[in-house]
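# Fold and contact review
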Amino acid sequence: MAAQQLAEAGMAVQLYEAQATVGRKFLVAGHGGFNLSNAEEIAAFSERYGQEAGRFAGLLHHFSPNDLRAWAADLGIETFVGSSGRVFPVAAHKPAAVLRAWLGRLRALGVEINTRHRWLGFVGAAGLRMRNEREGAGQEFTLEPEATVLALGGGSWTKTGSDGAWAPLLQNIGVPVVPFAPANCGAELAWSMFVRDKIGRTPLKNIALRVNDGPAIRGEIMLTAYGVEGTPVYALTPQVRAALAGSGPATLHLNLKPDLSPAALLLKLKQPRGKLSFAEFLKKALHLGAPVPTLLREVRADVATLGPEELARLLVAIPLNVTGLRPLEEAISTAGGVAFEAVDEHLMLRQRPGTYVAGEMLDWEAPTGGYLLQGCFSTGAWVAQAIIGSQLARGSSEQ
Ligand SMILES: Cc1cc2nc3c(=O)[nH]c(=O)nc-3n(C[C@H](O)[C@H](O)[C@H](O)COP(=O)(O)OP(=O)(O)OC[C@H]3O[C@@H](n4cnc5c(N)ncnc54)[C@H](O)[C@@H]3O)c2cc1C
């Protein structure tokens, strides 16, 4: 995004990518739902960035979800807003086609795209140490651009090229980098062998999930051999991480009937059970089939003997004790990265004037649903604006 906007402003832009092709994680995102953005209002949208909400409000005003849709339309990519508010390209536009259209535009603007070129660190006051890895052991050379944008990604899905190997290169010049942590990832639970074998991968739809006493997130989760995953689990990763780091327990509370009032739930559970087994009764009274009875027995061995009041309390707050988060490699995104204190209001490194940072390599996190790519695009547009401004200022001072 930064490359495009700088080229549109008439600047000569060279893009360097360590992998053999660019945009590998963009393509992975495309296969996993491809939410380019979200139609939420900017005030609510910015809240998704947690403690960086204020900063992102400014970034999103500068390059908004509507600007992103207009950008896509300009590439010939029609988008639509799904029922969840997520913004998708219409089905005809496969991820590879979107990327192809975008790269075509960059080339038409004169952006020089150099793949298999790795940035190795800084040299002197303005230089970049680079390695051309196209042949054999590679050839090192130095670049001295007027401005540099680093957009090297987070540390998950390393096969896409986002390996986080840039962290020490920045720390070497005194830039604080917050340690990476998995974001938008599954939570591990200490399932018994029985549950692990019996449940497999099973979805639970229309549920609500919260961490300890925190706010509940609605949606669908997947029970897996290691624990739970799915949009509500991902959205709760910051709270789970904080709870795991604290002294108390990290407990997910699962509500299987968030649409029923406590009174209505109790009424259904007070129906006579007759000769029905516990599993048959749950199915008949509440449409809760497998794997719910197994799950309930896992957390409460005597569940079948509970009275209606106690069972009602359990069904809306099944405690799932989290033992850890899934590894960074598997995570959809990365928390941590270049600390915001290391950059000024233009996202320029204080340690290295003329070098800007954009995208996931900055220390922010947001849930899935289009907030990640929008955050990357908005930071890219922001640094482009800053560079254009600084070049104009330089031009006028030289006249
Ligand atoms: C499975 C999955 C699904 C996702 N789905 C969505 C979704 O639907 N919606 C959404 O908003 N987000 C989604 N995301 C997240 C989104 O893809 C990322 O947040 C986004 O791609 C980050 O963009 P970036 O430009 O900051 O970094 P990246 O896309 O990671 O790009 C960084 C690039 O820098 C290159 N690089 C790294 N180091 C060097 C170096 N030293 N020299 C040269 N090049 C280097 C890498 O090879 C890489 O190509 C998903 C992610 C995953 C893994």
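Residues numbered from 1 in each chain as written. Predicted model: local features only at pLDDT ≥ 70, side-chain atom pairs only at ≥ 80, totals over all residues. Heavy atoms only, no water.

## Re the site of the ligand
Our working rule: Whether a residue is near a molecule or strand depends on its heavy atoms: it is near if one of them lies within 4 Å of it. Any pair of N or O atoms that falls within 3.5 Å is considered a polar contact. Within protein, one atom must be able to donate a hydrogen and the other to accept it, and sequence-neighbouring residues count only if both atoms are side-chain atoms. Using the Shrake-Rupley algorithm and a 1.4 Å probe, accessible areas are obtained, with residue cover drawn only from the displayed protein chains. Three categories are distinguished: nonpolar for Ala, Val, Leu, Ile, Met, Phe, Trp, Tyr, Cys and Pro, charged for Asp, Glu, Lys and Arg, and polar for the others, with Gly belonging to the last.
The local shell around the ligand holds 25 residues, among which Glu17, Asn35, Ser162, Glu360 and Leu373 are the closest. One nitrogen or oxygen atom from the main chain of Trp119 is found 2.9 Å from a nitrogen atom belonging to the ligand. The contact in question runs from an oxygen atom of the ligand to an N or O atom on the backbone of Gly161, over 3.5 Å. Protein chains bury 90% of the 1000 Å² of accessible surface belonging to the ligand in isolation. Among the residues forming the shell around the ligand, the class breakdown is 12 nonpolar, nine polar and four charged.

## Overview of the domain arrangement of the protein chain
Test applied: These domain boundaries are the output of an automatic or database domain assignment. Only heavy atoms matter for contacts: two residues are in contact if any of them lie within 4.5 Å across the pair. Accessible-area loss on putting two parts together, using a 1.4 Å probe and summing over both, is the definition of buried area adopted here. By definition, a salt bridge exists where a carboxyl oxygen of Asp or Glu is found within 4 Å of a side-chain nitrogen of Lys or Arg.
With domains assigned, the protein chain is organised as domain 1 (2–182 + 329–398) and domain 2 (187–325). Here the C-alpha centroids of domain 1 and domain 2 sit 39 Å apart. Listed by partner, the interface residues are eight residues for domain 1 and seven residues for domain 2. Between domain 1 and domain 2, the buried area comes to about 520 Å², and carbon and sulfur atoms account for 57% of it. Ranking the residues of domain 1 by area buried against domain 2 places Pro182, Glu365 and Thr368 at the top, with a combined share of 57%. The tally of links from domain 1 across to domain 2 stands at one salt bridge. Arg241 is the partner of Glu365 in a salt bridge, and the nearest nitrogen-oxygen pair spans 2.9 Å. There are two residue pairs in polar contact (both at pLDDT 80 or more) connecting domain 1 and domain 2. When its residues are assigned to classes, the side of domain 1 that touches domain 2 shows five nonpolar, one polar and two charged.

## Observations concerning the nonpolar core
For clarity, the threshold we go by: Only buried Ala, Val, Leu, Ile, Met, Phe, Trp, Tyr and Cys residues count toward a nonpolar core, and they belong to the same one when joined by side-chain atoms within 4.5 Å. Accessible area is worked out with a 1.4 Å probe on protein chains only. A residue is then buried under 20% of its type maximum, exposed over 50%, and partly exposed in between. A run of DSSP states H or I qualifies as a helix once it reaches four residues; a run of E qualifies as a strand once it reaches two. Both are numbered from the N-terminal end.
Phe26, Trp71, Leu170, Val338 and Phe377 are the most contacted members of the largest nonpolar core, which has 63 residues in total. At nine residues, the largest contribution of residues to this core is made by helix α15 (residues 371–398). Within the second largest apolar cluster, 43 residues are counted, among which are Trp191, Ile221, Leu282 and Leu288.

## Thoughts on the packing of aromatic side chains
Keep this limit in mind: Note on aromatic pairs: the rings of Phe, Tyr and Trp (six-membered ring only in Trp) are paired at centre separations within 6.5 Å, and the planes decide the class, stacked below 30 degrees, edge-to-face beyond 60, tilted for the rest. Geometrically, a charge over a ring is one whose NZ (Lys) or CZ (Arg) sits within 6 Å of the ring centre while staying within 35 degrees of the ring normal.
Scanning the model with the defined rule gives 14 aromatic pairs in all. Look at Phe26 and Phe34: their rings are 5.4 Å apart centre to centre, the planes differ by 75°, and that puts the pair in the edge-to-face class. Both residues of the pair, Phe26 and Phe34, belong to the buried class. Against the face of Tyr226 rests Arg326, its NZ or CZ located 3.9 Å from the ring centre.

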